[in-house]
Amino acid sequence: MTIRVVVAEDQSAVRAGLVLILRSAGDIEVAGEAADGEEAVRLARELRPDLVLMDVQMPRLDGVSATRQVVAEGLADVLVLTTFDLDEYVFGALRAGAAGFLLKNAEAAELVEAVRTVARGEGLIAPAVTRRLIAEFAAPAPPARPAAPPALDTLTRREREVLSCLGEGLSNAEIAVRLDMAEATVKTHVSRLLGKLSLRSRVQAAVLAQELGL
């Protein structure tokens, strides 16, 4: 199955490089290119790609706002592209419903695999990246923690344990070892808890777990 991608990046040289890398993969088609957030949203509406590779700092409409619109309208999954000095924007994009994020200095193979992973609906982000994001934003908890969503009570004991592991940034394989269960079972638990909590990605679940101190 071909993965149709819209690349949204305001720096033409960087965008050209991303397009070149993606087009080198036989299963990825670059359906469109956007130089700003407004164009990214417009192309997502017109082309209905599987995924938008979204830079966070762009003119006219920033990547966070563009992500929010794309996700709210159900146009495509969003993979945010950024550098760590823009973590504040990445966190906002994840809150807006992005399926994950990738660093601009990622290797070509990492970019291609990240696109494939998000396109499969897994929203899987490299554990090391997840841990660093959580450490930057969720670990320094505010004085008063947010109220737990009512849906949290619908989770089974195992689902709560898996949610806690997500909060530590563990991968499915690591969770399987920690909880002594098959990796396929972990994937099932992750899928179910995301559905119960109305979350779009495991990263959102990880941030929620950290905020609630699970």
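Our subject is the structure that appears above.
Once a new chain begins, its residue numbering starts again from 1 and follows that chain's sequence as written. The predicted origin of the model limits local features to residues at a pLDDT of at least 70 and limits the giving and counting of side-chain atom pairs to 80 or more, whereas totals for whole chains, interfaces and linings rest on all residues. Think of the side-chain values as coming from all heavy atoms in the structure, minus any hydrogens and water.

Colleague: Can you walk me through the pattern of salt bridges in this structure?
Modeller: Opposite charge on two side chains permits pairing when their charged atoms draw close. By salt bridge we mean one thing: a side-chain nitrogen of Lys or Arg within 4 Å of a carboxyl oxygen of Asp or Glu. Going through the model one piece at a time under the given rule, you end up with 16 salt bridges. Among the salt bridges present, the one from Arg116 reaches Glu113, with a minimum N-O distance of 3.8 Å. Placement of both Arg116 and Glu113 in helix H5 (residues 108–119) is noted, with a separation of three residues, approximately one turn of the helix. Classification of residues uses two cut-offs on accessible area relative to the type maximum, computed with a 1.4 Å probe and protein chains only: under 20% is buried, over 50% is exposed, and between them is partly exposed. Take Arg116: its relative accessible area is 27%, and that puts it in the partly exposed class. Between Glu113 and Arg120 there is a salt bridge whose closest N-O contact spans 3.8 Å. Comment: elements are numbered from the N terminus, with helices defined as DSSP H or I runs of at least four residues and strands as E runs of at least two.

Colleague: So what exactly am I meant to see when it comes to the environment of Ala205 here?
Modeller: With respect to the secondary-structure elements, Ala205 resides in helix H10 (residues 202–212). A residue is classified by how much of its surface remains accessible, and Ala205, at 0% relative accessible area, is buried. Note: C-alpha distance between Ala205 and Val190 (15 residues apart in sequence) is 9.1 Å. With residues near it in sequence (within four places) discarded, Ala205 still touches Leu163, Leu166, Leu193, Leu194 and Leu199. Any two residues whose heavy atoms approach within 4.5 Å at even a single point are treated as in contact.

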